[in-house]
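Here is how the chains run, residue by residue.
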Amino acid sequence: MPQPSCRRALLIIDMQVGLFHGAVPPFAGDRVLANINQLIANARCAGAPILAVRHTGPQGSPLAPDGPLTQLIPQLDVQSERDILFSKTRPNCFHETELAPLLRQRAIDELVVVGMKTEFCIDSTCRAAADGGWKVTLIADAHTTMDTAALSADAIVAHHNATLSAAFVTLSTAQAYSF
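A short tour of the structure in this document, coming up. Keep in mind it's a predicted model, so treat the numbers as computed, not measured.

### Details of the packing of aromatic side chains
Evaluation of the coordinates by the stated rule reveals two aromatic pairs. When the centroid spacing of 5.0 Å and the interplanar angle of 80° are considered together, the rings of tyrosine 177 and phenylalanine 179 count as edge-to-face. Comparing tyrosine 177 with phenylalanine 179, the two get one shared label, buried.

Rendered as structure tokens:
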């Protein structure tokens, strides 16, 4: 059977308890979660790999790998027996992780990026993926963050959608994207 001309994977970044259910709720969190779960269902129907990464820190820290804050949120429709789960310790999902070798091994040439936090891990990973030669589709309504002292979360999301789409990603919406 011939391979499709473009092999896509859904990359879900840091949809974990400590961020999503932290002291400050994420901007449009319910909508973002619903959009991510819809993309998961669409990816499954298309046979596209689903990759979920979580940010961890050293043992004994609030982000200890086995701690409650680093676990994926239970509302996320990720299945550990069928999807690929891995951890990272830096904002860039490629830094010292198995992501790049895994994508090469599976001949994935497009990443569909969703998750948290827009100005950190979403931004860093989109740029690194583009630099590494992967096509990147950022789902504009499926990534989020929290307000900061300088900017509201909706302004941060809008700014990164505009900035990243200028050179690093193709923007789409959850409704419009097709695996």
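### With respect to the environment of proline 74
With respect to the secondary-structure elements, proline 74 resides in the loop between strand S2 (50–55) and strand S3 (84–88). A relative accessible area of 69% places proline 74 in the exposed class. Along the chain, proline 74 and threonine 148 lie 74 residues apart, while their C-alpha atoms are 26 Å from each other.

### Some words on the side chain of threonine 118
As for its placement among the helices and strands, threonine 118 is situated in helix H4 (residues 118–131). A relative accessible area of 0% places threonine 118 in the buried class. Among all residues touching threonine 118, those that are not within four sequence positions of it are Asp123, His143, Thr144, Thr145, Ile156, Val157 and His160.

### Some thoughts on the pairing of strand S1 (residues 8–13)
Remember that side chains alternate between the two faces of the sheet whenever the strand is regular. In terms of residue burial, S1 counts as a mostly covered element, since five of its six residues are buried. Pairing geometry for S1 and S2, over four bridges, is parallel. Across the sheet, residue isoleucine 12 finds its bridge partner in S2, namely alanine 52.

### Some points on the packing of H4 against helix H5 (residues 153–167)
Here H4 crosses H5 at 10°, and the two axes come no closer than 11 Å. Taken together, H4 and H5 sit at an angle that is classed as roughly parallel. Between H4 and H5, the residues in contact are Thr118, Glu119, Asp123, Cys126 and Arg127 and Ile156, Val157, His160, Thr163 and Leu164, respectively. For the contact of H4 with H5, the per-class residue count stands at four nonpolar, three polar and three charged.

### Quick notes on the sheet that holds strand S6 (residues 170–172)
In space, the six strands of this open sheet follow the order S3-S2-S1-S4-S5-S6, with parallel pairing throughout. Because the sheet does not close on itself, it has two edges, and the strands there are S3 and S6. Across this sheet, the average inter-strand angle for adjacent strands is 25°, counted without regard to direction. The pairing of S2 with S3 spans five bridges and is classified as parallel. Among the inter-strand pairings, arginine 54 is bridged to a residue of S3, identified as serine 87. Along the sheet, helix H2 (residues 29–46) makes contact with S1, S2, strand S4 (110–116) and strand S5 (135–144), crossing S5 at roughly 140°.

How each quantity is defined
Residues numbered from 1 in each chain as written. Predicted model: local features only at pLDDT ≥ 70, side-chain atom pairs only at ≥ 80, totals over all residues. Heavy atoms only, no water. Phe/Tyr/Trp six-rings, centres within 6.5 Å; stacked < 30°, edge-to-face > 60°. Buried < 20%, exposed > 50% of the residue type's maximum accessible area, 1.4 Å probe, protein only. Helix = DSSP H or I, 4+ residues; strand = E, 2+ residues; numbered from the N terminus. Contact = heavy atoms within 4.5 Å. Pairing = 2+ DSSP bridges. Axes fitted to C-alpha atoms, helices over the stretch in contact; angles between N-to-C directions. Parallel < 35°, antiparallel > 145°, perpendicular 65-115°, else oblique. Nonpolar A, V, L, I, M, F, W, Y, C, P; charged D, E, K, R; others polar.

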